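Fold and geometry: a report
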Amino acid sequence: MIEYWHNPRCSKSRAGLALLQDRGAEVTVRRYLEDAPSADELRAVLSRLGIPAIEMMRRGEARFKELGLSRETPEEALVHAMAENPILIERPIGITTDKAAIGRPPETLLTLL
């Protein structure tokens, strides 16, 4: 089972979902903009990804700049910013019980199969 953090307005997110479904993966879609992950959920995904929070953020988003965030912002502050502003979360993200992948490019999601 793959939990898929999806934004249907994003072409990469749509492509990643189609790729997984075409491979027969069992996918549960979570529209993370409407059902924002908690700080604890974000920490768990970051642990599975093995990356710092800044690498899971959309740094080009206007909200990132509005909040005054940067690479120097403490990790916990970045996690809380994503929990409070899910638009900052890079998309798409596929999550299993033991690993996760950011679908940039979408083929990266195949590592979850």
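Treat the numbers as computed from the prediction; the structure is a model and nothing was measured.

1. Thoughts on helix α2 (residues 39-49)
Helical geometry: 3.6 residues make up each α-helical turn, so side chains three or four residues apart lie on a common side. All of the buried residues along α2 are Ala39, Leu42, Val45, Leu46 and Leu49. Buried residues of α2, viewed axially, fall in a sector of 120°; they line one side. Among the exposed residues of α2, those oriented more than 90 degrees off its buried face are Asp40 and Ser47. Looking at the buried residues of α2, the elements they touch are β1 (2-5), α4 (75-84), β3 (93-95) and β4 (100-102). Positive phi appears at glycine 50, one or two residues downstream of α2, with a value of about 70°.

2. Structural notes on the environment of leucine 78
When you line up the elements, leucine 78 lands in helix α4. The exposure class of leucine 78 is buried, given its relative accessible area of 1%. For the pair leucine 78 and isoleucine 95, spaced 17 residues apart in sequence, the C-alpha separation works out to 20 Å. Dropping the residues within four chain positions of it, leucine 78 is found in contact with Ala53, Ile54, Met57, Leu69, Ser70 and Thr73.

3. Notes on the pairing of strand β2 (residues 27-30)
Pairing of β1 with β2, which is carried by four bridges, proceeds in the parallel orientation. Bridged to isoleucine 2 within β2 is valine 27. For the handedness criterion, the β-α-β arrangement of β1, helix α1 (residues 11-22) and β2 is classed as right-handed.

Cut-off values and rules
Residues numbered from 1 in each chain as written. Predicted model: local features only at pLDDT ≥ 70, side-chain atom pairs only at ≥ 80, totals over all residues. Heavy atoms only, no water. Buried < 20%, exposed > 50% of the residue type's maximum accessible area, 1.4 Å probe, protein only. Helix = DSSP H or I, 4+ residues; strand = E, 2+ residues; numbered from the N terminus. Arc of directions from axis to C-beta. Contact = heavy atoms within 4.5 Å. Pairing = 2+ DSSP bridges. Right-handed = clockwise from strand over helix to strand, strands pointing away.

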